[in-house]
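# Secondary and tertiary structure notes
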Amino acid sequence: KLKPHGVDFTRAPQDGEGPLPAVFMSAVSEKLSASAGENSTTFVLRSGWNINTNQGIGTEFEKKGWASLLAQEKQLAAKPVGERQGLYKPYVERGVDAKGRAVVNVMTADLASAESCVNCHNPLEATPDVIAMRGKAPMKQFALGDLMGAVSTTVPIANSEAIVKELAAAQASVGSQFRWFAIVG
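In what follows, the accompanying structure is described. Owing to the predicted nature of the structure, the values given are computational and were not obtained by experimental measurement. (Residues numbered from 1 in each chain as written. Predicted model: local features only at pLDDT ≥ 70, side-chain atom pairs only at ≥ 80, totals over all residues. Heavy atoms only, no water.)

A few words now on the layout of surface pockets. It is the rolling of a water-molecule-sized probe over the atoms that shows where space remains empty. In this structure, the second largest pocket encloses a volume near 440 Å³. Lining of the second largest pocket is provided by 23 residues; of these, Thr-42, Asp-97, Ala-98, Asn-105 and Thr-154 occupy positions nearest its centre. Broken down by secondary-structure element, the contributors of at least two residues to the lining of the second largest pocket are strand S3 (42–46), helix H2 (60–76), strand S4 (91–96), strand S5 (102–111) and strand S6 (147–156). In the lining of the second largest pocket, the residues fall into six nonpolar, nine polar and eight charged. (1 Å grid on protein atoms, 1.4 Å probe; cavity = no way out; pocket = protein on both sides within 12 Å on 5 of 7 lines; lining within 4 Å. Points joined across faces, edges and corners; volume = space filled by probe spheres on them. Helix = DSSP H or I, 4+ residues; strand = E, 2+ residues; numbered from the N terminus. Nonpolar A, V, L, I, M, F, W, Y, C, P; charged D, E, K, R; others polar.)

How two aromatic rings sit relative to each other is given by the distance of their centres and the angle of their planes. Scanning all chains against the criterion turns up three aromatic pairs. When the centroid spacing of 5.2 Å and the interplanar angle of 75° are considered together, the rings of Trp-49 and Trp-66 count as edge-to-face. Here Trp-49 is found in the loop between S3 and H2, whereas its partner Trp-66 is found in helix H2, with 17 residues between them in sequence. Assessed through its relative accessible area of 17%, Trp-49 is described here as buried. On the accessibility criterion, Trp-66 (8% relative accessible area) is buried. When the centroid spacing of 5.8 Å and the interplanar angle of 80° are considered together, the rings of Trp-49 and Phe-142 count as edge-to-face. Pair noted here: Trp-49 is in the loop between S3 and H2 and Phe-142 is in the loop between helix H5 (128–134) and S6, with a separation of 93 residues, a long-range link. In this structure, Trp-49 and Phe-142 share a single accessibility class: buried. (Phe/Tyr/Trp six-rings, centres within 6.5 Å; stacked < 30°, edge-to-face > 60°. Buried < 20%, exposed > 50% of the residue type's maximum accessible area, 1.4 Å probe, protein only.)

Let us now look at the pairing of S5. Pairing of S4 with S5, which is carried by six bridges, proceeds in the antiparallel orientation. Note that in S5 the partner of Val-96 across the bridge is Ala-102. Counting the residues that bridge the hairpin from S4 to S5 gives five residues, and of these Gly-100 lies at a positive phi of roughly 85°. Alignment of S5 against S6, held across nine bridges, turns out to be antiparallel. Considered in S6, the bridge of Thr-108 is made with Val-151. (Pairing = 2+ DSSP bridges.)

Below is the structure:
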């Protein structure tokens, strides 16, 4: 909606330009990680049709999550474009990250939700770099509502465990106060 007003979206935005969605998401994730530290929630874009070499499907979790989303894409193909996003179920798995921390991983569908997504990605599929990255795979051409990729989110369980401990302590304190009032009162 900003292009008619002269705003262009690029990988390295300058004054008056906006970041591409993947660039924006990476920047937000990096800022969150920097401010929240070791136990921050992280998220990245992933795709089997990635344009950026760093955003392909890599981990076992991502492979299983991507397979789940692809299976859902086939099941949802006949649904109206506007309904698809709400029908994809996230793929969730508990595991351990590369740092040895217990985490919950979640992968959610990222669809071509606007014509601008399609109009940006389809020409990139025909570039020599992307063709070389894909190897012998056929060139992907997206349509509005198609699965383009996924958002892979990692949530350290330590965050939730700390919250649960605080709640348990608060409940125990409240419980002992109620017992004291029952005895005295």
